[in-house]
Amino acid sequence: MGWLKNRRRRKLLAAPLPAAWRGYLEANVRHYGRLPTAQQAKLRDLVKVFVAETNWEGCGGLEMTDEVRVTVAGMALLLAVGVEPSYYFGGVKSVLVYPDTYLQPPQWQDNLVVDEDGIPVHGEAWHGGPIVLTWKETLRGARDEADGRNLVLHEFAHHLDGLDGAVDGIPPLAGRAAHDNWQRVARAEFEQLVFSQQHNQVTLLDQYGATNEAEFFAVATECFFEEPREMQHHHAELYRALSGFYRQDPAVWAR
Ligand SMILES: [Zn+2]
């Protein structure tokens, strides 16, 4: 990072968050209200930088507004609140937002034979590319902090997964021991989820996570931030592994 960027960030961080932005966080990002005070302040700082440094694009007729930017940023940077030194998703150059489900062009879908018109989707994270979201599902997920589903957390978790080069469900953990532990815990949990899905068993984790290890990591991340107490109870090792990666303990947040 160059010193110009550093200086720009210092300026951004020194300026107060616009009152309207705080209002968007409070109204739309329900997790924000649950965070301890110090982490709320950290999240506000992360939001300032991410909103300023990211290219935002409204697609399919969506008008890009501060509310859209701040809601997406507030939700996404929740993932980074525990990380020191501060992490701003610098690798996410662009966020594209559609109003509602959009058709994913068929040529974008690797190894899948699909209808020529494409399939309707709510979001994607391109390896080394933009994150694509729908405003409808972003807002729905952000305003319900405990239903286990959160599009923004899901797509940004894919981005984190890819930081070490491969979107393979193994996030960039510090150190060999944490890495080995993650592989052991996640593999067992993934296989259990696949088994449960095949046997029509009800699970806390969204069974979309049985698709592959990458989806498992994204789904586990949603569960960790949305249903932390349930996860801690039913998937204690997975909870601890995620807590180690995100350096957060959402099970102790206010209800
Ligand atoms: Zn996914």
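Check the entry above for the structure.
Reading the values: the criteria
Residues numbered from 1 in each chain as written. Predicted model: local features only at pLDDT ≥ 70, side-chain atom pairs only at ≥ 80, totals over all residues. Heavy atoms only, no water. Phe/Tyr/Trp six-rings, centres within 6.5 Å; stacked < 30°, edge-to-face > 60°. Helix = DSSP H or I, 4+ residues; strand = E, 2+ residues; numbered from the N terminus. Buried < 20%, exposed > 50% of the residue type's maximum accessible area, 1.4 Å probe, protein only. Axes fitted to C-alpha atoms, helices over the stretch in contact; angles between N-to-C directions. Left-handed = near helix turned anticlockwise from the far one by under 90°. Contact = heavy atoms within 4.5 Å. Nonpolar A, V, L, I, M, F, W, Y, C, P; charged D, E, K, R; others polar. Donors = N, O, S within 2.8 Å, 3.2 Å for Na, K, Ca; no water. Tetrahedral: all angles 85-135°; square planar, octahedral: opposite > 155°, others 65-115°.

Asker: Give a description of the packing of aromatic side chains that names residues and reports values.
Answerer: Across all of its chains, the model carries 15 aromatic pairs by this definition. Plain terms: the ring middles of F190 and F216 are 6.1 Å apart, the flat faces sit at 80° to each other, and that makes the pair edge-to-face. Here F216 lies in helix 8 (residues 213-226) and F190 lies in helix 7 (residues 176-198), a separation of 26 residues in the sequence. Of the two residues, F190 and F216, both sit in the buried class. For the pair F217 and Y246, a centre-to-centre distance of 6.5 Å together with 10° between the ring planes defines the contact as stacked. Linking F217 in helix 8 with Y246 in helix 10 (residues 236-246), this pair joins segments that are 29 residues apart in sequence. When sorted by exposure, F217 lands in the same class as Y246, which is buried. Pairwise contacts between aromatic rings join W182, F217, F224, F225, Y239, F245, Y246 and W253 into one cluster.

Asker: An account of the packing of helix 4 (residues 66-76) against helix 6 (residues 151-162) is needed here, citing residue identities and associated values.
Answerer: Viewed as axis vectors pointing N to C, helix 4 and helix 6 meet at an angle of 60°, and their least axial separation amounts to 9 Å. As for the relative orientation of helix 4 and helix 6, their crossing is right-handed in sense. Contacts between helix 4 and helix 6 involve V72, M75 and A76 from the first element and V152, L153 and F156 from the second. Residues that form the contact of helix 4 with helix 6 fall into these classes: 6 nonpolar, no polar and no charged.

Asker: A description of the coordination of the zinc ion should follow, citing residues and the corresponding values.
Answerer: Donor atoms from the polypeptide that bind the zinc ion are H154 (NE2), H158 (NE2), E215 (OE) and E215 (OE), placed at 2.0 to 2.7 Å. Here the zinc ion is ringed by 4 donor atoms whose angles at the metal span 52 to 147°, and the overall shape comes out irregular. The sequence pattern describing where the donors of the zinc ion fall on their chain is H-x3-H-x56-E. In this pair, H158 is assigned in helix 6 and E215 in helix 8, connecting sequence segments 57 residues apart. A residue is classified by how much of its surface remains accessible, and H158, at 10% relative accessible area, is buried. Judged by relative accessible area, E215 falls into the buried class, the value being 12%.

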